[in-house]
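Each chain, written out:
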Amino acid sequence: MKWLVLFAGIVLLGGNIYGVYDMYQPKVGPLGDVKFSAHVWISIFVSALVGILAIAQFFILLGYDLRKKRFPRMETERFLLRQIEASDAQEVFHYFSQDEVMKYYDLDVLKDISEARKIIDNWQKRYHKNEGLRWGIATKKDNKIIGSCGYHNWEKEHFKAEIGFEVTPEFWRTGVMTEVLEPILKHGFEKMDLHRIEALYDPENIASRRTLEKAGFVYEGTLRKSAFEKGRFCDAAICSLLKEEFAK
């Protein structure tokens, strides 16, 4: 698609440049002294501008594709950690539409697959703006997304970010997060130059607490009524992992 856009832009721009050049060449015959109207010049200007915009769009699309290819793919024994695409919307909708998954999540249960597409689009925008990084957890067997894990609230000036994750219920209690957290934490400390990675979770979410403790996170306290979610004020437990602790 982007190459077609480039071709069209070059044809439009090149055709107009040649046309203007040709108009000013000495001519013999009835067209030699024709004065071109303002409408002709407006037409030339507009088509040339469209050509320039098409070429600019090509470079925008090319940059998007190159950044997409640079997404830090990783793998563990059982899983591929890759960028989540629009084509993964059905899998994302599958687990975000379940009450048990969304019980401790700061989003309402999804009702339509279009909502999953918006979430994926938001993750991709954060990545392209260098504001966050979200890996899809895909099974090596069929490359299907079963959950995600990544960084948000990235405060570069303070060398810290918040980590979050979720897994579809079919894979609960199978050690998924224990397996994928290690390379993701390593990427945060080594590639993103983080010094502190923190996590917030509902104090009643025992599974998340145990997962984070197993990864080395240290409980720091509970922020009382720190968020208003789903019509009520909620406490939030906070824990963190420092670079020197992870390196041990």
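Since the structure is predicted, the reported quantities are computational estimates derived from the model, not experimental observations.

S.K.: Would you mind showing me how to read the overall build of the chain here?
M.R.: A tally of helices and strands in the chain yields 8 helices and 8 strands. Within the chain, the proportion of its 248 residues that are buried is 42%. A fraction of 62% describes how many contacts in the chain between residues 6 or more apart in sequence connect residues 24 or more apart. Taken as a whole, the chain presents about 15300 Å² of accessible surface, with 58% of it coming from carbon and sulfur.

S.K.: Explain the pattern of salt bridges to me, please; I cannot follow it from the model alone.
M.R.: Once their charged atoms are close, side chains differing in charge can pair, the charge on each being opposite to the other. This model, assessed by the stated rule, comprises 9 salt bridges. Here Glu75 and Lys140 are joined by a salt bridge, their closest N and O atoms 2.9 Å apart. Taken together, the positions of Glu75 in strand S1 (residues 74-75) and Lys140 in the loop between strand S3 (133-139) and strand S4 (145-155) put the pair 65 residues apart, joining distant regions of the chain. One salt bridge connects Lys144 with Glu91, and the closest N-O pair in it is separated by 3.8 Å. Of the two residues, Lys144 sits in the loop between S3 and S4 while Glu91 sits in helix H3 (residues 89-96), which places them 53 residues apart along the sequence. Note on Glu91: relative accessible area 18%, which makes it buried. Here the salt bridges do not stand alone but share partners, grouping Arg196, Glu198 and Glu220 into one network.

S.K.: Sorry, what's going on with the environment of Glu204 here?
M.R.: With respect to the helices and strands, the residue Glu204 is situated in the loop between strand S6 (196-201) and helix H7 (206-214). Using a relative accessible area of 57% as the deciding quantity, one classes Glu204 as exposed. Here the alpha-carbon distance between Glu204 and Asp235, two residues 31 residues apart in the chain, equals 9.4 Å.

The rules behind these values
- Residues numbered from 1 in each chain as written.
- Predicted model: local features only at pLDDT ≥ 70, side-chain atom pairs only at ≥ 80, totals over all residues.
- Heavy atoms only, no water.
- Helix = DSSP H or I, 4+ residues; strand = E, 2+ residues; numbered from the N terminus.
- Buried < 20%, exposed > 50% of the residue type's maximum accessible area, 1.4 Å probe, protein only.
- Contact = heavy atoms within 4.5 Å.
- Areas by Shrake-Rupley, 256 points an atom, 1.4 Å probe, with all protein chains shown as cover.
- Salt bridge = Lys/Arg side-chain N within 4 Å of Asp/Glu carboxyl O.

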